[in-house]
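Coordinate analysis (summary)
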Amino acid sequence: MMTTLVYVIAYLGIVFFLIAVVARFFFWSKMPMHLRWELYPVAHEGGGRAAYGGSYLEESDWWKKKREVSLLGELRVMVPEILFLVALREHNKKLWTRSFPFHFGLYLVGATTIMLMINGVSGALLPAVIAGPVNTISDFLAPWLGGAGLVFGIIGAIGLFLRRRGRELRDYTAPADLFNLAFFIVAFGVAFITFVGYDLDFSMVSAFVANLVTFNLASLGSGTGVLLLMLSVVLLSLLTAYIPTTHMSHFVGKYFAYHAIRWKDDPNLPGGDEEKVIEDLLSRPISWSAEHIKGDGKKTWLEAATEEPEVKDK
């Protein structure tokens, strides 16, 4: 009964995570167009112009020419940014020394989990293919990647927690900030104790994940190691479901920070998609008021942008 409950909690954690991430993505995708920043270089700028911070706007009659957009240019920036938090290292190295191990630990744990899931599905559907070298490689990599991920994650979470408690950030730290980091420390800590004390070869974790992805709710056995494994599964499942509901879901928002704000440089051409969106935004009423804008719930942003400014007598 207890084993079945652990499987059910794991399924619910995964399902809730996926629903919450999709909901976040959908919510942010429906936000109004951001004001254009005009910050360069833009990574997807083609024609070699990204190297010196140039733009297609430099070209004469640019609106008559086909734009050169480089996906490779975006990948050159995004991959290092996602994996190594390059911008944070450049602008706040003290925070980076704590945030990087935390995030890299999450990546390693996530990669290990995905590898075990693929291994479990392949083992059920293609046992002849998964047997031999593939299984050997997975069995070798899983403990190293998973163990390193837990260590990096714990070190990073403790570092971020202590920094939040320090004088510099104490007044700007909400209880939820500390709770989120403490949740990571406890969940990863229990998983690490299970790994070091009872499952150094990841055999118990591999068997559980294989059962999970093949919907085989088989018993995990008995003993202290199994109890710790079930506790770590419950904690990690609850953590997986919880994170997308917090501000730590910035892994979704970062996509929009780059592609809908920082690098958003689509031209506003007559009859184009941008013009349609801008016209819709300008036709919306101003729902708030201040001396300089005088919104009354009926006045539109177009009227506010085109009216003559009021001149006061001195």
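Reading guide: rules and limits
Residues numbered from 1 in each chain as written. Predicted model: local features only at pLDDT ≥ 70, side-chain atom pairs only at ≥ 80, totals over all residues. Heavy atoms only, no water. Helix = DSSP H or I, 4+ residues; strand = E, 2+ residues; numbered from the N terminus. Rg over C-alpha atoms; globule rule 2.2 N^0.38 Å. Buried < 20%, exposed > 50% of the residue type's maximum accessible area, 1.4 Å probe, protein only. Contact = heavy atoms within 4.5 Å. Areas by Shrake-Rupley, 256 points an atom, 1.4 Å probe, with all protein chains shown as cover. Phe/Tyr/Trp six-rings, centres within 6.5 Å; stacked < 30°, edge-to-face > 60°. Axes fitted to C-alpha atoms, helices over the stretch in contact; angles between N-to-C directions. Parallel < 35°, antiparallel > 145°, perpendicular 65-115°, else oblique. Left-handed = near helix turned anticlockwise from the far one by under 90°. Nonpolar A, V, L, I, M, F, W, Y, C, P; charged D, E, K, R; others polar. Expected span 1.5 Å × (residues − 1). Core = buried A, V, L, I, M, F, W, Y, C linked by side-chain atoms within 4.5 Å. Salt bridge = Lys/Arg side-chain N within 4 Å of Asp/Glu carboxyl O. Polar contact = N/O pair within 3.5 Å; in protein donor to acceptor, adjacent residues only side chain to side chain.

**Digging into the overall build of the chain**
Within the chain, the regular secondary structure consists of 12 helices and zero strands. Listed by position from the N terminus, the elements making up the chain come as α-α-α-α-α-α-α-α-α-α-α-α. For the chain, whose C-alpha radius of gyration is 26 Å, the value lies well above the compact-globule estimate of 20 Å for 314 residues. Across its three principal axes, the chain shows a C-alpha extent of roughly 85 × 45 × 35 Å. Within the chain, buried positions represent 34% of all 314 residues. A fraction of 66% describes how many contacts in the chain between residues 6 or more apart in sequence connect residues 24 or more apart. Summing over all exposed atoms, the chain offers an accessible surface of approximately 19600 Å²; the carbon and sulfur share of this is 68%.

**Details of the packing of aromatic side chains**
Counted according to the given criterion, the structure contains 23 aromatic pairs. Each ring, one from Phe25 and one from Phe256, has its centre 4.9 Å from the other, and the planes form 50°; the classification is tilted. Of the two residues, Phe25 is situated in helix α1 (residues 2-29) and Phe256 in helix α10 (residues 250-262); the sequence distance between them amounts to 231 residues. For Phe25, a relative accessible area of 38% corresponds to the partly exposed category. When the centroid spacing of 5.0 Å and the interplanar angle of 70° are considered together, the rings of Tyr258 and Trp263 count as edge-to-face. An aromatic cluster is present here, built from Phe84, Trp96, Phe100, Phe104, Tyr107 and Phe152 joined pairwise through their rings.

**Re the packing of helix α4 (residues 93-125) against helix α8 (residues 203-213)**
Relative orientation and spacing of two packed helices are given, respectively, by the angle between their axes and the distance between those axes. At their nearest, the axes of α4 and α8 sit 8 Å apart, and the two run at 60° to each other. Taken together, α4 and α8 sit at an angle that is classed as oblique. Between α4 and α8 the crossing geometry is right-handed. Taking contact as the criterion, the partners of Thr113, Leu116, Met117, Gly120 and Val121 in α4 are, on α8, Val205, Ser206, Val209, Ala210 and Val213. Per-class residue counts for the contact of α4 with α8 are seven nonpolar, three polar and no charged.

**What to know about helix α2 (residues 71-84)**
Residues lying three or four places apart along an α-helix face the same way, a consequence of the helix completing one turn every 3.6 residues. With 14 residues, α2 extends 20 Å between its outermost C-alpha atoms, agreeing within 8% with the 20 Å of an ideal straight helix rising 1.5 Å per residue. All of the buried residues along α2 are Gly73, Glu74, Met78 and Glu81. Close packing links the buried residues of α2 with α3 (86-91) and α10. Just past α2, the residue Leu85 takes up positive phi, approximately 50°.

**Some points on the nonpolar core**
The biggest cluster of nonpolar side chains holds 19 residues, and the ones touching the most others in it are Val6, Phe208, Leu220, Leu229 and Val233. Secondary-structure elements contributing two or more residues to this core are α1, α4, α8 and α9 (224-242). In this structure, Val6 is in contact with Phe208, Met230, Val233 and Val234, ignoring residues within four places of it in sequence. Grouped together as the second largest cluster of nonpolar side chains are 18 residues, Leu150, Ala157, Phe188 and Leu239 included.

**Description of the pattern of salt bridges**
A complete count under the given rule lists 14 salt bridges for this structure. One salt bridge connects Glu307 with Lys299, and the closest N-O pair in it is separated by 2.9 Å. The buried category is assigned to Lys299, whose relative accessible area is 12%. Through salt bridges with shared partners, a single ionic network connects Arg67, Lys264, Asp265, Asp266 and Glu274.

**Quick look at the environment of His44**
Looking at the secondary structure, you find His44 in the loop between α1 and α2. Sequence-wise, His44 and Val77 are 33 residues apart; in three dimensions their C-alpha atoms are separated by 9.3 Å. Those residues in contact with His44, other than ones at most four positions away along the chain, are Arg67, Glu68, Val69, Ser70, Glu74, Trp263 and Asp265. There is a polar contact of 2.8 Å between the side chain of His44 and the side chain of Glu74.

**Examining the side chain of Thr246**
Residue placement: Thr246 occurs in the loop between α9 and α10. Classification of Thr246 by relative accessible area gives buried; the value is 9%. Side-chain polar atoms of Thr246 contact the backbone oxygen of Ile243, separated by 2.9 Å. Here Met248 takes part through its backbone nitrogen, which lies 3.0 Å from a polar atom of the side chain of Thr246. Contacts of Thr246, omitting those with residues within four sequence positions, involve Arg24 and Asn180.

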